[in-house]
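Architecture and fold: a report
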Amino acid sequence: MPSHPTSSLGAPAQHLAPGADLVVSARGLVKRFEELVAVDHVDFDIVRGESFGFLGPNGAGKTSTMRMIACMSPKSGGELQVLGMDPQTNGPEIRARIGLVPQEDSLDLQLTVLDNLMIYGRYFDLPRKVIKERAGNLLEFAQLSERAHDTVEPLSGGMKRRLTIARALISEPDLLILDEPTTGLDPQARHLLWDRLYRLKSQGVTLVITTHYMDEAEQLCDRLVVMDKGSIAASGSPASLIERYSTREVLELRFPPDAGPAAAAIDGVAERVEFLPDRVLLYTANGEQTLADVMARGITPVNWLVRRSSLEDVFLSLTGRTLID
Amino acid sequence: MTAELETWGMDEAQGARMPPTLRVLRYHLYTYMRTWRSSLTTSFLAPVLYLAAMGVGLGSLINHHVGTVEGVKYLDFVAPGLLAASAMQVAASDSMYPVMAAIKWIRTYYAMLATPLRVLDVLFGHFAWVVARLVLTAVTYLGVMAAFGTVHSPWAVLALPAAILTGLSFSSIISAFAASQENDQGFATISRLGLIPLFLLSATFFPLSQLPGWMHPIAYATPLFHGVDLCRMLVLGHVDWASAAWDLAYLVALSAFGAWLARRLFERRLVI
C-alpha cells in the first residue's frame, strides 16, 4: 500500500487556507541591507499551479525576493505570506513544503549523486524507504540514473543543475523556487532543463523562476514581473507585456559606420526608433511596410531584418541599455 | 518479514521522528564514512607516536636525570596532558576549515537552511559531530594510554568527559570565529598564536612551576591548562576536588559562552 505518491513529482498543493489559492502574496515587501534597499516596496501574488517569473538585470532585487519567499532571509518591511503562513513565525513549516534551487549549487561534491538525494531527504525527516523510492524516480526524471553511484564532482554543469533540481523535489514540494536555473549552461543543457521544468509545470507544481534570459521567461513563465532597482517596473504575461511595452514587429537596419546623417533621416517613420552604435531599431506593427517606407525615403541600409518583438525589447525599454554591474 | 517491513515503513511515514540536531549529525556521520579509514588510522597512530616519543623516549632521559615529575614517572605525567591537548587539536581542526567550507566553499549550511532545519539545528548538529569525534579520539587515546600502563585510577574513566569538554570549549569559540571569517587566513594565525603556544605551555609537557612566575596567571587563564589539570588528576587518581570543580566550572562556562557567541555569529552570517 503506497503511503506516498511516488509516481507524480511534486504532489498537488494541499492544506491551503480556504478561498486563498495564493501560494505567495507580498504587499509593500522591503529588503534592506544596511544602507542599500535591495527590494523596495513590491507587491505581487503567485497563484497555485502557475509558473511565475522574476526578470531583471543583476542587482535588481530578484534573489533577495526569492530568498525571502524561501524563508531563508527575513523581510525588512511590508507583508509576506507563503503557503498561507508567515515566514517569520512558520519558517520551518513553510520550508518543509518548498523546494529551492539556489543560484549557486550547494551539492556535496565528494558524495555520490544518490547520497546527495538521500542526505537531503533526511533533512526533511523523510523515511529512508520513501526517499529511496522518490530518488529513483527523480534520477530518471533528471536523466541521471546511470550516474547514481558516481561522485558529483566530475559531473557537467548541466548534470549538477539537474541534480540540484531533483534534490529540491525530494520532499514533493508545493512550490519550487528556481534562482537562475540555467545560468552558465550550454544550449543543449538549457533546453533539457526547460523541458524538465515544463513537465513539472504540467504536473501542477507551482514554479517561481528568476532569470535574466528573456527566451527562458518566454518559454516557461505564465506571468512575470520585470524588476529594476528593487522595484517592479511592469507585470503581466509575456504576450501582454510585449503588447503593452513594444510593437508587434521590430525592423533592424544596419548602416556603414559613417552613415550617421542618412540614418537620422529615418526619424518618424515608425512608432519608436532607437539608434544604437551598430544598428537602428524601428518598432512597428508591420516591418515589411516600414522597410518599404524607409526605402521610399531613398535610404538604403547595408542589411536589414524584420523580426517579431520579444520580451527582450520590453526588458530593454523598461530597464535601459546601460550596463549594470 | 514483508508485512513487518511494511508496518515499520508506515510508522516511519508518520514523520517527525528524529530531532533536527540529529539529522544534521547524521549528515556529518554520512560524509565521515567516506574517509573514516584514514582518519581512524591517524587517531590511533597519533597517541602511539606521542606516547612513545615523549613518554618513553624523552621520559627515560628525564627519569634518568631528574627522577620523577610531580612524584610520578614522566610517561605518567605527560600522557593525560596529551589526552587533553589532542582533544583540543581535534576539536579545533574540525571547527575551522569544515565550518568555513560549509559556509563558503560547499555551502552545505545554506542547503540545510533551505529545508525545515534552523540555524540552531545546524550549529548544534555541528557540535554533536565534534563531540562524536572527541569521543572517538578520547577513547582511543585512553585505550592506548592503558596499553602503555599509564592509567592508575578508576577515576580515569572521567577523564573521557573531561577531555571531551576541553575539546568542546575550543570548538565553540573557534566555530564562532570561523563563522566570522571571510577566508581561511585567520586559521593559520589561530594555530600559530593560539593552539601551538597552548599546546606547549599549558603544563602539558612540564609542570607549571617550571615557567617563570609572571606566566602562571596567563597559563591559568587559558582553557587547555584546566583541561590538562583535570585529565591529569583523574588519570593519576590524585584528585583535588576543589581545583577539579574550578577546572570544570571554567570549561563549562567557556563552552557555554562559545556556544552563545557561535549562535550569534552563525545567525549573522547565514541569515541575511
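Conventions and cut-offs
- Residues numbered from 1 in each chain as written.
- Chains lettered and ligands numbered in written order.
- Predicted model: local features only at pLDDT ≥ 70, side-chain atom pairs only at ≥ 80, totals over all residues.
- Heavy atoms only, no water.
- Helix = DSSP H or I, 4+ residues; strand = E, 2+ residues; numbered from the N terminus.
- Buried < 20%, exposed > 50% of the residue type's maximum accessible area, 1.4 Å probe, protein only.
- Areas by Shrake-Rupley, 256 points an atom, 1.4 Å probe, with all protein chains shown as cover.
- Lys, Arg positive; Asp, Glu negative; His and termini not counted.
- Charge placed at Lys NZ, Arg CZ, Asp CG, Glu CD.
- Contact = heavy atoms within 4.5 Å.
- Buried area = accessible area lost by both parts, 1.4 Å probe.
- Salt bridge = Lys/Arg side-chain N within 4 Å of Asp/Glu carboxyl O.
- Polar contact = N/O pair within 3.5 Å; in protein donor to acceptor, adjacent residues only side chain to side chain.
- Nonpolar A, V, L, I, M, F, W, Y, C, P; charged D, E, K, R; others polar.
- Pairing = 2+ DSSP bridges.
- Axes fitted to C-alpha atoms, helices over the stretch in contact; angles between N-to-C directions.
- Core = buried A, V, L, I, M, F, W, Y, C linked by side-chain atoms within 4.5 Å.
- pLDDT = per-residue confidence, 0-100.
- Domains from an automatic or database assignment.
- Expected span 1.5 Å × (residues − 1).
- Bend = angle between axes of the 7 residues up to and from the residue.
- Phe/Tyr/Trp six-rings, centres within 6.5 Å; stacked < 30°, edge-to-face > 60°.
- Lys NZ or Arg CZ within 6 Å of the ring centre and 35° of its normal.
- Patch = residues over 30% accessible without salt bridge, like charges linked within 9 Å, V, L, I, M, F, W, Y side chains within 5 Å.

This next bit is on the overall build of chain A. What chain A contains, in helices and strands, is 11 helices and 13 strands. Viewed in the frame of its principal axes, chain A has a C-alpha envelope of about 75 × 45 × 35 Å. Residue burial in chain A is summarised as follows: out of 325 residues, 55% are buried. Of the roughly 14,100 Å² of accessible surface on chain A, 51% is carried by carbon and sulfur atoms. Taken as two groups, the 34 positive and 44 negative side-chain charges of chain A have centres that lie 4 Å from each other.

This brings us to the interface of chain B and chain A. Accessible area lost upon the coming together of the parts is a frequently used measure of interface size. Contact with chain B, which involves 31 residues of that partner, is made by 35 residues of chain A. Summed over both partners, the interface of chain B with chain A comes to about 2,900 Å²; 56% of that surface belongs to carbon and sulfur atoms. A salt bridge links Arg23 of chain B to Asp125 of chain A, with the nearest nitrogen and oxygen atoms 3.7 Å apart. At the surface where chain B touches chain A, the tally comes to 8 residue pairs in polar contact (both at pLDDT 80 or more). Taken together, the elements giving at least two residues each to the side of chain B that touches chain A come down to helix H1 (2–13), helix H2 (20–32) and helix H6 (108–113) of chain B. Considering only residue class, the side of chain B that touches chain A consists of 18 nonpolar, 5 polar and 8 charged.

Along any regular strand the residues' side chains alternate between the sheet's two faces. Residues and elements named next belong to chain A. As defined by bridge partners, strand S8 (residues 223–228) adjoins strand S9 (residues 231–236) across 5 bridges and the pair is classed as antiparallel. Its bridge partner lying in S9, Val226 is registered against Ala234. Here S8 folds back onto S9 in antiparallel fashion, the turn holding 2 residues, of which Lys229 has a positive phi close to 50°.

The next thing to look at is the sheet that holds strand S11 (residues 272–275) of chain A. Remark on secondary structure: sheet strands pair via backbone hydrogen bonds, oriented parallel or antiparallel. Residue and element names in this part refer to chain A. The 4 strands lie next to each other as S11-S12-S10-S13, forming an open sheet whose pairing is antiparallel. Taken across any chain shown, the strands that pair with only one partner, and hence form the sheet edges, are S11 and strand S13 (303–308). Within this sheet the neighbouring strands show an average axis-to-axis angle of 15°, counted without direction. As judged from the 6 bridges shared by strand S10 (residues 249–254) and strand S12 (residues 279–284), these two strands associate in the antiparallel manner.

In terms of nonpolar packing, the biggest core is built from 148 residues, with Phe44 and Phe54 of chain A touching the most fellow members. The biggest single contributor to this core is helix H4 (residues 74–95) of chain B, with 14 residues.

Counting all residues, the mean pLDDT for chain A is 86, and 90% of those residues have values of 70 or more. Confidence over residues 1–20 of chain A falls short of pLDDT 50; this stretch has 36 contacts with residues more than four positions distant or in other chains.

Now for the domain arrangement of chain A. Residue and element names in this part refer to chain A. Here chain A is partitioned into domain 1 (22–237) and domain 2 (243–319). Each partner contributes to the interface: domain 1 provides 14 residues, whereas domain 2 provides 8 residues. If you sort the residues of domain 1 by the area they bury against domain 2, Met214, Glu218 and Val226 come out on top, with a joint share of 48%. For the pair domain 1 and domain 2, the number of links is 0 salt bridges.

With that settled, the discussion passes to the environment of Ser202 of chain B. Residue and element names in this part refer to chain B. Of note, Ser202 is situated in the loop between helix H9 (185–201) and helix H10 (216–221). With a relative accessible area of 1%, Ser202 lands in the buried category. Put simply, Ser202 and His226 are 24 residues apart on the chain and 8.4 Å apart in space, counted from C-alpha to C-alpha. Those residues within four positions of Ser202 in sequence are excluded, and the remaining contacts are Pro197, Thr222, Leu224, Phe225 and Val228.

All names here are of chain B. Compared with an ideal rise of 1.5 Å per residue, which puts 17 residues at 24 Å, H9 spans 24 Å between its outermost C-alpha atoms and is within 8% of the ideal. Bending of H9 peaks at approximately 40° at the position of Ser191. Along H9, the residues that are buried comprise Gly186, Phe187, Leu195, Leu198 and Phe199. The inward-facing, buried residues of H9 abut helix H3 (36–65), H4, helix H5 (97–105), helix H8 (159–179) and helix H11 (223–236). Of the residues flanking the end of H9, it is Ala203, one or two places downstream, whose phi is positive at about 65°.

Here we take up the sheet that holds strand S1 (residues 22–33) of chain A. Residue and element names in this part refer to chain A. Pairing within the open sheet is antiparallel, and its 3 strands lie in the order S2-S1-S4. For this open sheet the edge positions go to strand S2 (36–47) and strand S4 (77–82), each flanked by a neighbour on one side alone. Going from strand to strand, the sheet's axes swing by 15° on average, the running direction of each strand aside. When S1 meets S2, the two strands line up antiparallel, connected through 8 bridges. When the sheet's bridge partners are listed, Arg32 is paired in S2 with Val37.

So, on to the packing of aromatic side chains. By convention here, two paired aromatic rings are described through the distance between centres and the angle between planes. With the rule as written, the count across this model stands at 17 aromatic pairs over all chains. Ring pairs connect the aromatic residues Tyr120, Tyr123 and Phe124 of chain A together with Tyr27 of chain B, which therefore count as one cluster. Positioned above the aromatic ring of Tyr283 of chain A is the side chain of Arg272 of chain A, whose terminal nitrogen or guanidinium carbon lies 4.0 Å from the ring centre. Against the face of Tyr110 of chain B rests Arg107 of chain B, its NZ or CZ located 4.7 Å from the ring centre.

Moving on: a nonpolar patch on the surface. All names here are of chain B. Where nonpolar side chains cluster on the molecular surface, the patch consists of Met33, Trp36, Leu40 and Leu136 and spans about 350 Å² of accessible area. You can see Leu40 is positioned in helix H3. Note on Leu40: relative accessible area 35%, which makes it partly exposed.

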